Amino acid sequence: MSLKKKWFVLLASILFPLIAIGIFFTNKMMYIRQLTDEELVQRETDEGHYHHEDFQQLKKEKVCISSPFGYELHGYFVPRAHTTRTIILCHGVTVSLINSVKYMKLFQKLGWNVLLYDHRRHGMSGGKTTSYGYYEKEDLAQVVKWLRIRLGPSAIIGIHGESMGAVTTLLYAAKPEANANFYIADCPFASFEEQLIYRLKTDFRLSGNWILPLSDQVLKWRDGYRIRQVAPLDVIDQVKEPVLFIHSRHDDYIPCEQSQKLYERKNGDKQLFIAPNGAHAMSFSENKEAYEQEVQSFLQTYELNQDKRGE
């Protein structure tokens with residue numbers, strides 16, 4: 001074998017396993033396992049948040065909004081008479097808009113219209129990969145645009161996000177063209193990179209020192225973005241509108257400190273609610289009355305519970 005071939009074999013023996021590892025970990029990110037409809041319905045029913053017959057009979061309008069990436073976003077607009085105040089609900093990773101029904105009920109009690117939809121690659125919506133807010137924020141921009149056209153420039157529009165939906169909400173809020181009046185971020189991570197390092201250590205007992213840079217390169221090649229580009233902490237100081245941060249104190253999936261960091265860096269109007277009970281994304285389920293009171297207080301403090309601000 002020639003020296004050139006020997007070098008090629010040596011290089012291939014090093015690179016191919018590294019690429020395989022990168023593909024393995026990016027598969028875990030891009031194609032994270034989702035709960036089936038049956039699993040999600042069962043969970044939300046058991047927790048008392050979802051009743052299938054009630055949801056089927058609910059007066060609602062099917063919504064289909066085009067993503068800038070070529071697929072359709074599917075959801076429902078649930079109207080309330082005599083108001084243009086509307087909350088958009090963004091669910092977390094692995095679930096669907098069924099997970100948003102509990103928050104829909106909260107805002108219905110407060111007299112709001114509700115728009116709940118499925119993120120890309122979830123539920124009824126299209127899209128091939130999950131990007132933890134990177135592409136989802138552009139989809140959310142289209143949802144807000146659709147609502148503005150329907151409701152007009154004076155309508156109060158808020159966005160409530162849970163977990164990945166909260167990250168998506170904050171990344172959208174930092175966009176110069178963001179066009180919502182307030183944001184509620186329930187258990188977001190501050191940095192995708194920091195979150196991945198934490199999960200690698202917790203789930204695989206691995207350091208991210210070499211796996212993360214490798215996965216980052218492969219992710220850029222496969223899905224077009226870098227891990228560091230999904231970092232609400234880097235852009236939260238660009239959010240001008242009020243933000244309510246919510247996190248369970250005992251969240252061991254995305255630690256509570258992530259929301260505290262975001263709260264500290266956010267300029268201007270903001271509130272922070274650390275729920276005493278519950279694990280990840282369980283602040284509402286385990287602290288229902290306190291959660292509702294915090295949301296009401298936030299809306300009242302910043303005069304967001306009227307159809308026109310300042311009236």
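In what follows, the accompanying structure is described. Here the structure is a predicted model, which is why all the values come from computation and not from measurement. (Residues numbered from 1 in each chain as written. Predicted model: local features only at pLDDT ≥ 70, side-chain atom pairs only at ≥ 80, totals over all residues. Heavy atoms only, no water.)

## Regarding the sheet that holds strand S1 (residues 61-66)
- The strand order across the open sheet built from 8 strands is S1-S2-S4-S3-S5-S6-S7-S8, with neighbouring strands paired in mixed fashion. Only two strands of the sheet have a single partner each, and these edge strands are S1 and strand S8 (270-275). Adjacent strand axes in the sheet meet at a mean angle of 20 degrees, parallel and antiparallel pairs treated alike.
- The pairing of strand S6 (residues 182-186) with strand S7 (residues 243-248) spans 4 bridges and is classified as parallel. Bridging from a neighbouring strand, Asp186 pairs with Ile246 of S7.
- Of the strands in this sheet, strand S3 (86-90), strand S5 (157-162), S6 and S7 touch helix H6 (residues 164-173), which is tilted by about 140 degrees from S5.
- Helix H12 (residues 288-301) rests against S5, S6, S7 and S8 of the sheet, and its axis sits at about 175 degrees to S8. (Pairing = 2+ DSSP bridges. Helix = DSSP H or I, 4+ residues; strand = E, 2+ residues; numbered from the N terminus. Axes fitted to C-alpha atoms, helices over the stretch in contact; angles between N-to-C directions. Contact = heavy atoms within 4.5 Å.)

## Topic: the pairing of S8
- Of the strand pairs in this sheet, S7 and S8 are connected by 6 bridges, and their pairing is parallel. Note on S8: the bridge partner recorded for Leu244 is Gln271.
- After leaving S7, the chain enters helix H10 (residues 257-265) and then returns to the sheet as S8, a path that is right-handed. (Right-handed = clockwise from strand over helix to strand, strands pointing away.)

## Re the environment of Leu262
- Residue placement: Leu262 occurs in helix H10.
- Taking the C-alpha atoms as reference points, Leu262 and Phe245, separated by 17 residues in sequence, lie 8.1 Å from one another.
- Contact partners of Leu262, with chain neighbours within four places excluded, come to Leu170, Pro188, Phe189, Ala190, Pro232, Leu233, Ile236 and Phe245.

## Observations regarding the environment of Arg148
- With respect to the helices, strands and loops of the structure, Arg148 is situated in helix H5 (residues 136-151).
- Among the residues examined, Arg148 registers a relative accessible area of 10% and is labelled buried.
- In the structure, Arg148 is positioned 96 residues away from Leu244 in sequence and 22 Å away in space, judged by C-alpha atoms.
- If near-sequence neighbours (up to four positions away) are discounted, Arg148 is found in contact with Pro153, Ser154, Ala155, Ile157, Asn179, Ala180 and Asn181.
- Among the polar contacts made by the side chain of Arg148, one reaches the main-chain carbonyl oxygen of Asn179 at a distance of 3.0 Å. (Buried < 20%, exposed > 50% of the residue type's maximum accessible area, 1.4 Å probe, protein only. Polar contact = N/O pair within 3.5 Å; in protein donor to acceptor, adjacent residues only side chain to side chain.)

## Here's the deal with the packing of aromatic side chains
- What the rule picks out here adds up to 21 aromatic pairs.
- Judged by centre distance (5.6 Å) and plane angle (85 degrees), the rings of Trp112 and Phe182 are edge-to-face. With Trp112 in the loop between helix H4 (101-109) and strand S4 (113-117) and Phe182 in strand S6, this pair connects stretches of sequence that are 70 residues apart. By the burial criterion, Trp112 is buried, and Phe182 matches it.
- Ring plane angle 70 degrees and centroid distance 5.5 Å describe the contact between Phe298 and Tyr302, whose orientation is recorded as edge-to-face. Across the pair, exposure class does not vary: Phe298 and Tyr302 are buried alike.
- Within the aromatic cluster, the residues linked to one another by ring pairs are Phe69, Tyr71, Tyr134, Tyr135 and Tyr225.
- The ring of Phe69 has Arg120 lying over it, and the distance from NZ or CZ to the ring centre is 6.0 Å.
- Positioned over the ring face of Tyr134 is Lys137, at 4.2 Å from the centre of the ring. (Phe/Tyr/Trp six-rings, centres within 6.5 Å; stacked < 30°, edge-to-face > 60°. Lys NZ or Arg CZ within 6 Å of the ring centre and 35° of its normal.)

## Some words on a nonpolar patch on the surface
- On the surface, a cluster of nonpolar side chains totalling about 250 Å² of accessible area is made up of Phe24, Phe204 and Leu206.
- For Phe24, a relative accessible area of 41% translates into the label partly exposed. (Patch = residues over 30% accessible without salt bridge, like charges linked within 9 Å, V, L, I, M, F, W, Y side chains within 5 Å. Areas by Shrake-Rupley, 256 points an atom, 1.4 Å probe, with all protein chains shown as cover. Salt bridge = Lys/Arg side-chain N within 4 Å of Asp/Glu carboxyl O.)

## A closer look at the pairing of S5
- For S5, the buried fraction is high: 6 of the 6 residues fall into the buried class.
- By the alternation rule, side chains of S5 split into Ile157, Ile159 and Gly161 and Gly158, His160 and Glu162, which are all buried.
- Where S3 and S5 come together, 5 bridges link them in parallel fashion. When the sheet's bridge partners are listed, Leu89 is paired in S5 with His160.
- With 5 bridges connecting them, S5 and S6 associate as parallel partners. In the sheet register, Gly158 faces S6, and the bridge partner there is Phe182.

## Things to note about unusual backbone geometry
- In the Ramachandran plot, Thr94 falls in the positive-phi region, its phi being about 80 degrees despite a non-glycine side chain.
- Summarising the element assignment, Thr94 is placed in the loop between S3 and H4.
- Classification of Thr94 as buried rests on a relative accessible area of 18%.
- For Cys187, which is not glycine, the phi dihedral falls at a positive 55 degrees.
- With respect to the secondary-structure elements, Cys187 resides in the loop between S6 and helix H7 (192-204).
- On the basis of relative accessible area, Cys187 is assigned to the buried category, the value being 1%.

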